[in-house]
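Coordinate inspection notes
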Amino acid sequence: MADPETLATTPAPASASTKKKKKHSKKRKSIDESEAAAAAAVEAIDVTVDASLTGGRYAAAAPVVAYFPSGYDPLAAGREPPSSRLFRNVKHPSWIDLVVRSPAGGPDFVGTSYTGEAAVPQLCSYALGVLDKASGTLKVVPIAGEKILRLEPHLEVQKPAHSEQSGVASEAGSAVATGEMKVQDLTGMYGAQKDKETDKKWRSLNEHRNDPSAYEDLDLGRQETNASDSQAPEIVRNIPPYDLTADTSETAYLFDEIIPKNIRSHLLEILGHLESGEFSSKGYGTFVSNRVHKLEKLEGEDKERFAWILSYITHLLTLLARNSSMSKRHRKDNQATKAPAVPQAVYRKLLVMFTEEGSSALSTEKHELLVNYILVLSLFADDFRSDPTDISADLKMTRQMIKPYYEQLGCKVVTAGAFKPTFMTLPAPLKFPKEITRRKRQRK
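Residues numbered from 1 in each chain as written. Predicted model: local features only at pLDDT ≥ 70, side-chain atom pairs only at ≥ 80, totals over all residues. Heavy atoms only, no water.

The protein chain is annotated in an unreviewed UniProt entry as DNA-directed RNA polymerase I subunit rpa49 from Eragrostis curvula. Taken from UniProt, the Sequence similarities (unreviewed entry) comment for the protein chain reads in full: "Belongs to the eukaryotic RPA49/POLR1E RNA polymerase subunit family." Database annotation for the protein chain, UniProt heading Subcellular location (unreviewed entry): "Nucleus, Nucleolus". (UniProt positions renumbered as here; feature names shortened; annotations may be inferred.)

This is how it looks when you write it as structure tokens:
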């Protein structure tokens, strides 16, 4: 056993935790010393600031803040400061262009507040602060356009004279095209599969429409005029091609020009749908569905001719429905998505006939012409004694709405008596309604 004096004088060994505490204290001491030295090197200044916001984002003297993303320094190597000019759009005051000219004659640098990086949605506003230490005031001034401009090198290219005159039109066209592209992108990312397929078809058809070579094989048809009519002022009627000298209903409207021969081979799909039993699932309209029994009874050339008429009516109704659905893009009961697909050759023909150049929408005149084509073909299908009930349902029009169209075509209303159905007939030769000029009543 050890002696008590030895035990009292022998120091206890230091624990591991005590050693770690000593090391940490030494490190902390060195850090505090370095921070103190750094604080002594920086001079502390106490300033009482009176801050105020002056001017507005459209102010004429608002400063412009811009930067060179490439690291280019125009003041390097003792160069002279570059000259700069600021341009502001008259119609859009927030649209500004900053042009900085290189002092050595290099390319100009242009920054805009409405394109490129500046066009990205901005969730904050920028301002420039100027601190005056002497007076103790801080003046905060909004910068021009409330955006920091990105200066990009710009090589000046000579533009044709007409490009400057059409600047507003091209600007509007590009804005519309950008909006359409955004809608298409959103549909592709988040839309339903049905909307994606419809969008894909429209893109494909529009590509064919913008291809000039696609129209080389189209026969647009010619309308003959009589020499005797040249003396009287000719009235341009918004109806299918017709012949005023025809003495029968079958020849009053020119069938070969209404359905050209070069597209007839693409109008026989309805026969295949009948043979395969798929007719009921293809989404044909009321008019065609109620007359398919007549198609089944015909043979030979008469059957093909009747198939052309029913198929062409279907495609015309599809074009009409698509034009109506452009303002209601996501309507669920859209006939354009249910009806049979329009062959490309037929679609190109319809675009040439019923749309204006540079647009896929129908104007008011073209819409009226399209309805008149449908009604004339319905008369051919019913042997020129047609009950307008079915075709009115397909056109989504009432009898009172569709009656002026029949009158414009030269049709007459025939009825067998009271409370009995009425029919539309086409007398020959054609007699169109006279235009009535009403006099304005003079005030006494």
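A short note on the overall build of the protein chain
If you tally the helices and strands in the protein chain, you get 16 helices and 12 strands. Expressed as a percentage of its 444 residues, the buried residues of the protein chain come to 29%. Within the protein chain, residue pairs in contact and separated by at least 24 positions form 63% of the contacts whose partners lie at least 6 positions apart. If you sum the accessible surface of the protein chain, you get close to 30300 Å²; carbon and sulfur atoms cover 54% of it. (Helix = DSSP H or I, 4+ residues; strand = E, 2+ residues; numbered from the N terminus. Buried < 20%, exposed > 50% of the residue type's maximum accessible area, 1.4 Å probe, protein only. Contact = heavy atoms within 4.5 Å. Areas by Shrake-Rupley, 256 points an atom, 1.4 Å probe, with all protein chains shown as cover.)

Overview of the pairing of strand 4 (residues 96-101)
In terms of burial, strand 4 is a largely internal element, 5 of the 6 residues being buried. Bridge count for strand 3 (residues 83-88) against strand 4 is 6 bridges, and the pairing is antiparallel. Bridging across to strand 4, arginine 85 finds its partner in valine 99. In the sheet, strand 4 pairs with strand 5 (residues 108-112) via 4 bridges, with the strands oriented antiparallel. Bridge pairing in strand 5 links valine 100 to phenylalanine 109. (Pairing = 2+ DSSP bridges.)

Looking at the sheet that holds strand 4
With antiparallel pairing, the 4 strands of this open sheet are ordered in space as 3-4-5-9. Each edge of the open sheet carries a strand with a single partner, namely strand 3 and strand 9 (152-154). Strand after strand, the sheet turns through a mean of 30° between neighbouring axes, direction not considered. Bridge count for strand 5 against strand 9 is 3 bridges, and the pairing is antiparallel. Across the sheet, residue valine 110 finds its bridge partner in strand 9, namely glutamate 152. (Axes fitted to C-alpha atoms, helices over the stretch in contact; angles between N-to-C directions.)

Observations concerning the pairing of strand 11 (residues 412-415)
Note: strand 11 against strand 12 (residues 422-425), 4 bridges, orientation antiparallel. When the sheet's bridge partners are listed, valine 414 is paired in strand 12 with phenylalanine 423. Hairpin connection of strand 11 to strand 12: 6 residues between the antiparallel strands, including glycine 417 at a positive phi of 155°.

Description of the nonpolar core
When a protein is soluble and globular, its nonpolar side chains tend to lie buried together. Core analysis: the biggest nonpolar cluster contains 61 residues, and Tyr253, Tyr312, Phe354 and Leu395 have the highest contact counts within it. Here phenylalanine 354 is in contact with Leu316, Leu319, Leu362, Lys366, Leu369, Leu370 and Tyr373, once residues within four sequence places are set aside. Residues Ala62, Leu98, Phe109 and Leu149 belong to the second largest nonpolar core, which totals 9 residues. (Core = buried A, V, L, I, M, F, W, Y, C linked by side-chain atoms within 4.5 Å.)

So, the side chain of serine 378
For serine 378, the location among the structural elements is in helix 14 (residues 364-381). The class of serine 378 is buried, set by a relative accessible area of 0%. Beyond its immediate chain neighbours, meaning those up to four positions away, serine 378 contacts Phe287, Ile313, Ser386 and Tyr406.

Some words on the pattern of salt bridges
Taken as a whole and judged by the stated rule, the model has 7 salt bridges. We note a salt bridge from arginine 291 to aspartate 382, for which the minimum N-O separation is 2.7 Å. One end of the pair, arginine 291, is in the loop between helix 9 (286-289) and helix 10 (292-297); the other, aspartate 382, is in the loop between helix 14 and strand 10 (385-386), and 91 residues separate them in sequence. Given the relative accessible area of 9%, arginine 291 is considered buried. By relative accessible area, aspartate 382 is classed as buried at 14%. (Salt bridge = Lys/Arg side-chain N within 4 Å of Asp/Glu carboxyl O.)

Remarks on a nonpolar patch on the surface
Side chains of Leu186, Met189 and Tyr190 sit close together on the surface and give an oily, nonpolar patch of about 380 Å² of accessible area. Inspection of the secondary structure assignment puts tyrosine 190 in helix 4 (residues 167-190). (Patch = residues over 30% accessible without salt bridge, like charges linked within 9 Å, V, L, I, M, F, W, Y side chains within 5 Å.)

Remarks on helix 13 (residues 344-354)
The α-helix advances 3.6 residues per turn, and as a result positions three or four apart in sequence lie on the same side. Within helix 13, 9 of the 11 residues are buried, which leaves it mostly tucked inside the rest of the structure. Those residues of helix 13 lying buried are Ala345, Val346, Tyr347, Arg348, Lys349, Leu350, Leu351, Met353 and Phe354.

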